[in-house]
Amino acid sequence: MKEIKLLHAADLHLDSAFESLSPEAAEKRRQGQRELLFCIQEIAEKRGASAVLLSGDVFESNNIRSETQRDFNSALGALSCPVLIAPGNHDPYSAHSLWETMRLPENVDVFKNAEIEPVSFLGVRALFWGVGFQNTFSKPLLRNFTPPEKNTEKPNIMIIHGDVSAGAADYNPISREDLIKSGMDYVALGHIHVRSPLQKAGETAFAYPGCTEGRGYDETGEKGVLLVTLSESGVSSEFIPLGGVRYEIINV
C-alpha cells in the first residue's frame, strides 16, 4: 500500500447561535467559525492530503447565512482533492435540506443515502464508504453492513457520524463489534466533541477529531483536525490545532 494522507475533521457547527452572547459578539464568533474553513484548506494543501473527510454536523442547522455558504464553497472548492461529507444529526440529509438547496463545488461529495455506499476518485488510492443521517436521530447504520473485500492497493475508508461511547443511543450507535466486522482500514468518526486517540477494533483503526472550535466551557482545550496517514506500516494520526477560540477552566 502506497502512503496516503487524509485530513479528518468533524462537528464544525457553522452558524451556531451563540445565544448567550450579544448579537455583535455572536456574529464575530460565527465569522471566526468561517475562518476555520480556510485553515482546513491551508493545512490540507500544505500537508498533501489526498482527501478531506468531514464527518457530520458541518452546519449547526439547515438555515445558513449567505456568507457561510460563500466561504464554505470558496475554501473547500479551492482544494485540488475531493471533500467527502457524511451528514450528521444537526445537518441531516433530506430532499429539502441544504445539501440539496445549496450549490456545492464539484469536488465536494455528500453521502445522501441511508445505506452505506462506496465512492472512488481518479488519482486517489482509496475506496471511500459513507452514509448520511436522514433525520435528527438515527438507527444503527453500521450494524448489518457487508464488509468489502480487502484490497492491499486501495484501503477502505469510512466517513460516518455516530456514537461509539454507549451501547444504545439515538445517534447511530456503533459497537466495537460493528467496527471489527466493517472491514475498514480507517473509520473517520464524528459526533463526539472530545478528540480521541487513534484506536483499534480488530484490524480497523478509528478516531474522533473532536469539534474544530470550543463553543463553551463544556468544550475546553485545544481543538483542531486529524491528519491520518495510511501506509504499509499501518495507520497513524497527528493532531493539528486550528487556533480558534479556546475555553479553559483555571483554578486560582
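The structure this text deals with has already been given above.
Residues numbered from 1 in each chain as written. Predicted model: local features only at pLDDT ≥ 70, side-chain atom pairs only at ≥ 80, totals over all residues. Heavy atoms only, no water.

## As for the overall build of the protein
What counts, and what does not: We count a stretch as a helix when DSSP gives it H or I for four or more residues in a row; a strand needs E for two or more, and each element gets its number in order from the N terminus. Between the two quantities, the radius of gyration covers C-alpha atoms and the globule rule is 2.2 Å times the number of residues to the power 0.38. Summary of the burial criterion: residues with accessible area below 20% of their type's maximum are buried, those above 50% are exposed, and those between are partly exposed, where the area comes from a 1.4 Å probe applied to protein chains only. Throughout, a residue-residue contact means that at least one pair of heavy atoms, one from each residue, lies within 4.5 Å. Surface exposure here means Shrake-Rupley accessible area, sampled with a 1.4 Å probe, where a residue is shielded only by the protein chains that are shown. Here Asp and Glu are counted as negative and Lys and Arg as positive; His is not counted, and neither are the chain ends. Positions of charges follow a simple convention, taking NZ of Lys, CZ of Arg, CG of Asp or CD of Glu.
Looking only at helices and strands, one finds 4 helices and 12 strands in the protein. Taken over C-alpha atoms, the radius of gyration comes to 17 Å for the protein, in line with the 18 Å a tight globule of 252 residues would show. With respect to the three principal axes, the spread of C-alpha positions in the protein is 55 × 40 × 35 Å. Each of the 252 residues in the protein was classed as buried or not, and the buried ones make up 52%. For the protein, long-range pairs separated by at least 24 residues make up 68% of all intrachain contacts whose partners lie at least 6 apart in sequence. Approximately 11800 Å² of the protein is accessible, and the part contributed by carbon and sulfur atoms is 48%. Computing the positive centroid from 24 side-chain charges and the negative centroid from 34, the protein places the two 3 Å apart.

## Here's the deal with the layout of surface pockets
The cut-off we apply is this: For cavity detection a 1 Å grid was placed over the protein atoms alone, and a set of points counts as a cavity when a 1.4 Å probe fits there but cannot get out; an open set counts as a pocket when protein lies on both sides within 12 Å along at least five of seven lines, with lining residues being those that have an atom within 4 Å of a point. Grid points are joined across faces, edges and corners, and a volume is the space filled by probe spheres set on the points.
In this model, the largest pocket occupies a volume close to 160 Å³. Around the largest pocket sit A114, E115, I116, K139, P140, L141, R143, N144 and F145, which together line it.

## Observations concerning the sheet that holds strand 1 (residues 4–9)
Sheets are built from strands paired through backbone hydrogen bonds, the pairs being either parallel or antiparallel. Test applied: DSSP-based pairing: two strands are paired if at least 2 bridges between them are found. In this analysis, axes come from line fits to C-alpha atoms, helices being fitted only over the stretch in contact, and the angle between any two N-to-C directions falls in the range 0 to 180 degrees.
Overall, mixed pairing links the 6 strands, which are arranged 4-3-2-1-11-12 in an open sheet. Whereas interior strands pair on both sides, the edge strands pair on one side only; in this sheet they are strand 4 (108–110) and strand 12 (234–241). Averaged over all adjacent pairs, the angle separating strand axes in this sheet is 20°, with direction ignored. Sitting on the sheet, helix 1 (residues 23–46) is in contact with strand 1, strand 2 (51–54), strand 11 (224–231) and strand 12, with an inclination near 170° to strand 1.

Worth remembering: the numbers are spatial, not functional.
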